[in-house]
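Structure at a glance
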Amino acid sequence: MSWKRVVVDPTFAEFNLTEFEGKSLTPELLTEAIDSYPAMAEKKLVVVTDFDLWKPPGGFADLLPGLLSDLPDYLCLVFYYDVMDGKPDKRTKLYKALEKKACFAQFDHLEERELCAWIERRCRALDRAISPENCSYMIFLCGNSMTNLSGEIEKAAAHATTGEILKYNIDSVCSRVLEAVVFDLTDAITEGRFDRAVALTGDLIAQKNNEVMIFTVILRHIQRLYGAKLCDEARGGERMLLELLGTKSPYYARRIQTSARRVPLSWLRRAAAICAETDAALKGSAVDRQKQIELTLLTLAANFKNDKKR
C-alpha cells in the first residue's frame, strides 16, 4: 500500500480504501464512494487513477465543482496520474475552486535518455539485452510511466527467447498507450485504410476510453503533424521541432516528422480545422459521439484522397 498507509490502516483497507480507473469511473460510483462513511477508522481514502479532471466526460461537468468543494472531513480523495498527463489547467473554474482546498504535487517523469538507461538496467536484471533504439520504441509505445513500463518490460523479457528484447517482442505482447494507437489510426487514414482507422476507434471505445478523451488525443496528434510539417518546410532543426511539438523525446519527434512528410500541408491545415470543430461538437452537445468521430475520420480520409489526386 506504500503511501496509502498514511491514511488507511492495512487491517481495514478492504472497508476504507476505494480505487477506480479513470476510464471506468461514473458519477454514481464517485458520489457513492465519497458519501459512504469509514468503518472502524476515522478516515477513508478514495484514489482515482488517470481521470481527466480538467476535461471531464459530460456527466461529470456539472457535478464536480460542487462535489469537490464540499468534501466530508473523513475523506481523503486523490486524483493520481500515472499514464495520463495530469497537468492542471489553471484557466478552469474547477482549478480555481480546488486551489483553495486541494494540494497539487508534481513528480516529473524521467527524460528519455535517463529512462532508456533505466530500461536497460531492468532488462539486464531479467537476463535480457535491449538496444537503445528499442528502448525508445518501448517508451513511445507504452508511455513514460515507470510503473507501467515495469510490467511491460517483464512481458517483453518473458516473450524474448534469444536473450535480447527485439521490436517483434515489444509489438507482440506490450500494451499500447492511447497516443500510440492514435498514431496508428492517423497513419491508417493517410494510407487509405479507413476501415482500419474505424476499427482502432472501436477498439479504444470498447476498452472504455472516453470518446471525448480519444478525440482530444486525435486533435492533438493532427496539430502536432501540422506543426512538424511547418517546421520541415521552414527547414527548422531538432530544437525547433521539439519546441513546436511540446516534447522532450527526439524519438517521438522523428516519428511525427516522418509521418508529416508523407502528407500535404493543405490536408493538414484542413484536418486541423475539421478536428477542432468536431472536438467542440463532442464537448458541447449530446451527439452520438462514436458516429461523430467516425464521420470525421471519413471526411479526413476523403479529403486526403482528393488532395492526392490533385
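Please read all numbers here as calculations on a predicted model, not as lab measurements. (Residues numbered from 1 in each chain as written. Predicted model: local features only at pLDDT ≥ 70, side-chain atom pairs only at ≥ 80, totals over all residues. Heavy atoms only, no water.)

Moving on, we come to the nonpolar core. Ranked by size, the top nonpolar core spans 67 residues in total, and within it I119, M138, I165, I189, I222, W267 and L300 carry the most contacts. Per-element accounting of this core gives the leading share, 11 residues, to helix α12 (residues 211-233). Setting aside its immediate chain neighbours within four residues, L300 contacts I189, W267, A271, I274 and C275. Formed by 21 residues, the second largest nonpolar core is a distinct cluster that contains A33, F60, L75 and L77. (Core = buried A, V, L, I, M, F, W, Y, C linked by side-chain atoms within 4.5 Å. Buried < 20%, exposed > 50% of the residue type's maximum accessible area, 1.4 Å probe, protein only. Helix = DSSP H or I, 4+ residues; strand = E, 2+ residues; numbered from the N terminus. Contact = heavy atoms within 4.5 Å.)

The end-to-end C-alpha separation of helix α8 (residues 146-159) is 20 Å, in line with the 20 Å expected for 14 residues at 1.5 Å each. All buried positions along α8 are accounted for by L149, S150, E152, I153, A156 and A157. (Expected span 1.5 Å × (residues − 1).)

On to the packing of aromatic side chains, then. Aromatic ring pairs are reported here in terms of the distance separating the ring centres and the angle at which the planes meet. By the definition in use, this model includes 12 aromatic pairs. Among the aromatic residues, ring-to-ring pairing joins Y137, F140, F183, Y251 and Y252 into one connected group. Against the face of F183 rests R255, its NZ or CZ located 5.5 Å from the ring centre. (Phe/Tyr/Trp six-rings, centres within 6.5 Å; stacked < 30°, edge-to-face > 60°. Lys NZ or Arg CZ within 6 Å of the ring centre and 35° of its normal.)

Turning to the pattern of salt bridges, a few remarks are in order. Tallied over the entire structure, the rule returns 13 salt bridges. For the salt bridge of R176 with D184, the shortest nitrogen-to-oxygen distance reads 2.5 Å. With a relative accessible area of 22%, D184 lands in the partly exposed category. Among the ionic contacts, a cluster of salt bridges with common partners joins K167, D171, R176 and D184. (Salt bridge = Lys/Arg side-chain N within 4 Å of Asp/Glu carboxyl O.)

Attention now goes to unusual backbone geometry. Phi is positive for M40, which is not a glycine, with a value near 55°. Take M40: it is sitting in the loop between α2 (27-35) and β2 (44-49). Residue classification places M40 among the exposed positions, given a relative accessible area of 59%. Here D127, not a glycine, exhibits a phi torsion of approximately 60°, which is positive. Here D127 shows up in the loop between α6 (112-125) and β4 (129-130).

Here we take up the packing of α6 against helix α7 (residues 132-142). In the contact formed by α6 and α7, the axes pass within 9 Å of each other and the chain directions differ by 110°. By the angle between their directions, the pair α6 and α7 is classed as roughly perpendicular. The residues of α7 that touch α6, namely those facing E112, L115, C116, I119 and E120, are P132, C135, S136 and I139. The residue makeup of the contact of α6 with α7, split by class, is six nonpolar, one polar and two charged. (Axes fitted to C-alpha atoms, helices over the stretch in contact; angles between N-to-C directions. Parallel < 35°, antiparallel > 145°, perpendicular 65-115°, else oblique. Nonpolar A, V, L, I, M, F, W, Y, C, P; charged D, E, K, R; others polar.)

Taken as a whole, this structure holds zero disulfides when the rule is applied. With no disulfide partner, C76 has as its closest neighbouring cysteine sulfur the one in C103, 9.8 Å distant. The closest cysteine sulfur to the non-disulfide-bonded C174 is located on C142, 4.3 Å from its own sulfur. For C174, a relative accessible area of 9% translates into the label buried. (Disulfide = S-S within 2.5 Å.)

All right, on to the packing of helix α13 (residues 238-245) against helix α14 (residues 250-260) then. Across the interface, α13 lies against α14 with an axial gap of 10 Å and an inter-helix angle of 90°. Here α13 is positioned roughly perpendicular relative to α14, judged by the angle of their axes. Here E238, L241, L242 and L245 of α13 lie close against α14, whose contacting residues are P250, A253, I256 and Q257. Each residue belonging to the contact of α13 with α14 can be placed in one class, and the counts come to six nonpolar, one polar and one charged.

Attention now goes to the side chain of D279. Inspection of the secondary structure puts D279 in helix α15 (residues 265-284). Those residues in contact with D279 that lie beyond four places of it in its chain are F215, T216 and L219.

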